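If you want the building blocks of each chain, they are given just below.
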Number of protein chains: 2
Amino acid sequence: MSVDFNALSQQFCQFYYDQFDKDRSQLGNLYRDHSMLTFESSQLQGARAIIEKLTSLGFGKVAHRISTLDAQPASENGDVLVMVTGELLIDEEQNPQRYSQVFHLIPEAGSYYVLNDIFRLNYA
Amino acid sequence: MSVDFNALSQQFCQFYYDQFDKDRSQLGNLYRDHSMLTFESSQLQGARAIIEKLTSLGFGKVAHRISTLDAQPASENGDVLVMVTGELLIDEEQNPQRYSQVFHLIPEAGSYYVLNDIFRLNYA
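Residues numbered from 1 in each chain as written. Chains lettered and ligands numbered in written order. Predicted model: local features only at pLDDT ≥ 70, side-chain atom pairs only at ≥ 80, totals over all residues. Heavy atoms only, no water.

### Digging into the relation of the copies chain B and chain A
Part 1 of the reasoning: If you rotate chain B by 180° and push it 0.0 Å along the axis, it lands on chain A with an RMSD of 0.0 Å. Such a combination of rotation and displacement between the chain copies is what one expects of a two-fold axis. When C-alpha distances to the rotation axis are compared across chain B, the minimum falls at Ser100(B), with a value of 3.4 Å.
Part 2 of the reasoning: Take the interface residues of chain B: 100% of them recur as interface residues in chain A, which is what a same-surface contact looks like. (Least-squares fit on C-alpha atoms with pLDDT ≥ 70 in both. Contact = heavy atoms within 4.5 Å.)

### Brief notes about the sheet that holds strand β3 (residues 62–73) of chain A
Residues and elements named next belong to chain A.
Part 1 of the reasoning: Across the sheet, six strands lie side by side as β2-β1-β6-β5-β4-β3; this open sheet has mixed pairing. Two strands in the sheet have a free side with no partner beyond their single neighbour: β2 (42–45) and β3. Put simply, the sheet's adjacent strands are angled 20° from each other on average, direction ignored.
Part 2 of the reasoning: In this structure, strand β5 (residues 97–108) lies alongside strand β6 (residues 111–121), joined through ten bridges in antiparallel fashion. For Glu-108, the partnering residue across the bridge sits in β6 and is Ser-111.
Part 3 of the reasoning: Across the sheet, helix α2 (residues 47–56) is in contact with β1 (31–39) and β2; its angle to β1 comes to roughly 35°. (Pairing = 2+ DSSP bridges. Helix = DSSP H or I, 4+ residues; strand = E, 2+ residues; numbered from the N terminus. Axes fitted to C-alpha atoms, helices over the stretch in contact; angles between N-to-C directions.)

Now the structure itself:
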């Protein structure tokens, strides 16, 4: 299998953050029952729990800006590991918050789902 | 297999950064021929190339301080994914540089090696 993991990762993150910023309740089909999300100090497992967490975040308007995006093949099965650093703009705040995020993407039926998702704000 | 992936990840990172800060030329046995390092915009594969890169970094005295460390199981085989955010103090500089790093750890013969390693400084 010859997948361009850099292009795939960029496409995935663009789709993910666009969808997150537009309507994060619709991200559920990117996760499976065994998927895991660490969001700051919260740990969730399963698409339903993950989406409940994401939709419960107390911000309305949100925008992600990617600063760096690095990807590597993570197995011989086509898994891809992506690390993003970026800026998060919440509601009407002037100062973006920096964050770091990792996605572990698993190929399935011609597409990919998220097995691992770790998100942390970078406090100054 | 019941491994405490949180304890493992903390032990690994403590060992890794202690060794890095003391003598990073000795980190080679943590990598294999198919291991990958992304260090800023550089991409390396294989223990030898990775150590050459790390030892060529133009700083003498270095210290890592972990700010956050989050781990998740990354497969049914015992793989572990770790994301670290932290501060890097280089030489005699007063202001630490913030960084983000991901390790993908693979079990082997009672220990673990690093399959994936992605490192990025977080520019302000």
